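# Fold and contact review
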Amino acid sequence: MGKRGRACVVVLGDLGRSPRMQYHALSLARQAALEVDIVAYGGSEPHSAVLENESIHIHTMIQWPKHSHSLPKILYPLLLLLKPVIQFIMLLWFLCIKVPPPDAFIVQNPPSVPTLVAVKWASSLRQSAFIVDWHNFGYTLLGLSVGRSSLFVSIYHWLEKRYGQMANGSLCVTRAMQHELAQNWGINATVLYDQPPEFFRPTLLEEKHKLFCRLNRYLCHPLGVQDCVSTGIGGYDQTETLVTTQVGTSIFLKPNRPALVVSSTSWTPDEDFGILLEAAVMYDRRVAALLDENDSTDEGVLWKEISGGKQYLYPRLLFIITGKGPEKEKYEEKIKRLNLKRVAFRTMWLSAEDYPLLLGSADLGVCLHTSSSGLDLPMKVVDMFGCGLPVCAVSFSCIDELVKVEKNGLLFSSSSELADELLMLFKGFPDECDSLKSLKNGALEMGSSARWATEWEEHAKPLILEVISRNLK
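These remarks concern the structure in this document.

Cut-offs applied
Residues numbered from 1 in each chain as written. Predicted model: local features only at pLDDT ≥ 70, side-chain atom pairs only at ≥ 80, totals over all residues. Heavy atoms only, no water. Salt bridge = Lys/Arg side-chain N within 4 Å of Asp/Glu carboxyl O. Helix = DSSP H or I, 4+ residues; strand = E, 2+ residues; numbered from the N terminus. Buried < 20%, exposed > 50% of the residue type's maximum accessible area, 1.4 Å probe, protein only. Pairing = 2+ DSSP bridges. Disulfide = S-S within 2.5 Å. 1 Å grid on protein atoms, 1.4 Å probe; cavity = no way out; pocket = protein on both sides within 12 Å on 5 of 7 lines; lining within 4 Å. Points joined across faces, edges and corners; volume = space filled by probe spheres on them. Nonpolar A, V, L, I, M, F, W, Y, C, P; charged D, E, K, R; others polar. Core = buried A, V, L, I, M, F, W, Y, C linked by side-chain atoms within 4.5 Å. Contact = heavy atoms within 4.5 Å. Phe/Tyr/Trp six-rings, centres within 6.5 Å; stacked < 30°, edge-to-face > 60°. Lys NZ or Arg CZ within 6 Å of the ring centre and 35° of its normal. Axes fitted to C-alpha atoms, helices over the stretch in contact; angles between N-to-C directions.

All right, on to the pattern of salt bridges then. It is possible for side chains bearing opposite charge to pair when their charged atoms get close. The final tally for this structure, using the stated rule, is 19 salt bridges. One salt bridge in this structure joins Lys-310 and Glu-305, with 3.8 Å as the shortest N-O distance. With a shortest N-O distance of 3.0 Å, Arg-470 and Glu-466 are connected by a salt bridge. Pair noted here: Arg-470 and Glu-466 are both in helix H16 (residues 452–472), with a separation of four residues, about one helical turn. Given a relative accessible area of 44%, Arg-470 falls into the partly exposed group. In this structure Glu-466 comes out as partly exposed when scored by relative accessible area, which is 47%. Through salt bridges with shared partners, a single ionic network connects Arg-20, Asp-133 and Asp-194.

Pasting the structure below:
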């Protein structure tokens, strides 16, 4: 292992929103018996397993101000140059002065600039190994905001490729990305698929009841005036929630509960949330047509009947959208203007402990991730499978490495296709929906067949230890 027995995980981002790098830190501490320093921005709280591990030491950098987008557009090129310079200096300060000298730096990419440059310099100065974990390509993400033809994108691409080639070892998230790195970048990377850690699992009924008791204050406040979920919810206490009821010491799922659909999003342009909104409207309209309801049907009467226990062939849908990001408020305003009878939306940010419980309580996951490069896979889907949650995902080039159609999920390319899938899966909910149950069994099987610790032990640990050993010679 070498005399220092130490690794430094580098994330130029919010550590709490970088689960893969948190899992790296946990595995380095638990499975490789290393002391681990994490250099990252603050913001969202990491998982308690990271915070409570005595071998993991978190060093928090000051974040670049977020209000720079409100400045005049003429200053944007200047900010594009100034931001990485400031970040570069801060990274060097932390990596060369603040943290003890490590055997290896393991850095998340993207962002590539100035991260790869700073970590390479620090690794040379401290005689440490330099390992890149490729999640995506940074230049493709930059291209979303400034255009692929921009000079900045060309410079960024050159720096990302040049410094990526200098790494002593590389990990990546898909076979498609491994092929691209080998063929066009001259980089030999080991595939380390995202896999759920042990705390992503199906939620027990008692845990589900306690979770919805905690979430009641969020669920009773609709984004609009009132909806099919908020009606009657105010009367719930610790024995009754939207989906469960407690009689004595026994807890039961309500037969007329809404179907719970979860989508985790970063509210960025590479995830078109509009597709989900359009599909929700289509579901609402198509169900009304299938049940021979007309526009004059009083929604208040309908909601009262449902809260009184009446069941329909097609259930209400409650979409819980988790995550933080720049376009959240824009879409919340759009949701407020929707006039839906059987569909409700809630947006929230959950703790790292409650998020797996929500996934394990849901009936379906929806993933809108399309990938700027077409070569990475959405980690949120991996987490959903870990909880036994089937997924409807946007179709793109390498998604079939993860989502197996009609086994653990379905793919869609338009809002109309997603609406069709919602109607097909939830017909007869909760007891007579065989297609949904079949997908759930497939998701459970996939989620239980592979876990992060096993994947890391088999693929990442040998690479990291070999690179460290080679560097110490």
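The subject of this paragraph is the pairing of strand S10 (residues 259–264). Among the six residues that make up S10, six are buried, leaving the element largely enclosed by the rest of the structure. Across six bridges, S10 lies against strand S11 (residues 317–322) in parallel orientation. Its bridge partner being in S11, Ala-259 is matched across the sheet by Leu-317. As paired strands, S10 and strand S13 (residues 364–367) are joined by two bridges and run parallel to one another. In the sheet register, Val-262 faces S13, and the bridge partner there is Gly-365.

Taken together, the seven strands give an open sheet; going across it, the order is S3-S2-S1-S4-S5-S6-S7, and neighbouring strands pair in parallel fashion. Where the open sheet ends on each side, the last strands, each with one partner, are strand S3 (56–61) and strand S7 (190–191). Note: strand S6 (residues 169–172) against S7, two bridges, orientation parallel. Residue pairing for S7: Leu-171 is matched across the bridge by Thr-190.

Glancing now at the state of the cysteines. In the structure shown here, the tally under the stated rule is zero disulfides. Between Cys-172, a cysteine without a disulfide, and Cys-398, which holds the nearest cysteine sulfur, the sulfur-to-sulfur distance is 10 Å. Cys-228 takes part in no disulfide bond, and the closest cysteine sulfur to it belongs to Cys-220, at a distance of 15 Å. Since its relative accessible area comes to 3%, Cys-228 is described here as buried.

In total, this model carries one cavity of 30 Å³ or more according to the counting rule given. There is about 110 Å³ of room inside the largest cavity. For the lining of the largest cavity, a count of residues per class yields eight nonpolar, two polar and four charged.

Here the focus is the layout of surface pockets. Of the volumes computed, that of the second largest pocket is approximately 340 Å³. Contributing to the lining of the second largest pocket are 22 residues, with Lys-208, Arg-257, Ala-362, Asp-363 and Lys-440 lying nearest its centre. Listing elements by their share of the lining of the second largest pocket, those giving two or more residues are helix H8 (205–219), helix H12 (354–361) and helix H15 (434–449). At four residues, the largest contribution of residues to the lining of the second largest pocket is made by H15.

Counting residues in hydrophobic clusters, the biggest one holds 115 residues, and the most contacted among them are Leu-28, Ile-38, Leu-95, Trp-134 and Leu-181. Leu-223, Leu-317, Leu-340 and Leu-418 belong to the second largest nonpolar core, which has 38 residues in total.

So, on to H12. Of all the eight residues making up H12, eight are buried; the element is thus mostly covered by neighbouring parts of the structure. Buried within H12 we find Asp-354, Tyr-355, Pro-356, Leu-357, Leu-358, Leu-359, Gly-360 and Ser-361. On its buried side, H12 packs onto H8, S10, S11 and helix H13 (379–386).

A few words on the environment of Ile-399. Relative to the assigned elements, Ile-399 resides in the loop between strand S14 (391–394) and strand S15 (409–412). By relative accessible area, Ile-399 is classed as buried at 1%. Separated by 23 residues in sequence, Ile-399 and Asp-376 place their C-alpha atoms 8.3 Å apart.

Next up on the list: the packing of aromatic side chains. Scanning the model with the defined rule gives 15 aromatic pairs in all. An aromatic cluster of at least three residues, connected via ring pairs, comprises Tyr-23, Phe-199, Phe-200, Tyr-355 and Trp-452. Across the ring face of Trp-349, the terminal group of Lys-324 is positioned such that the distance to the ring centre comes to 4.6 Å. The ring of Tyr-312 carries the charged tip of Arg-342 above its face, separated from the ring centre by 4.9 Å.

Another aspect to go through is the sheet that holds S14. Strand order in the open sheet formed by six strands is S12-S11-S10-S13-S14-S15, with parallel pairing between adjacent strands. A single partner strand is all that each edge strand has here, and the edge strands are strand S12 (343–348) and S15. Between one strand axis and the next, the sheet turns by 20° as a mean value, whatever way the strands run. Contacting S10, S11, S12, S13 and S15, helix H9 (residues 273–290) runs over the sheet at an angle of about 155° to S12.

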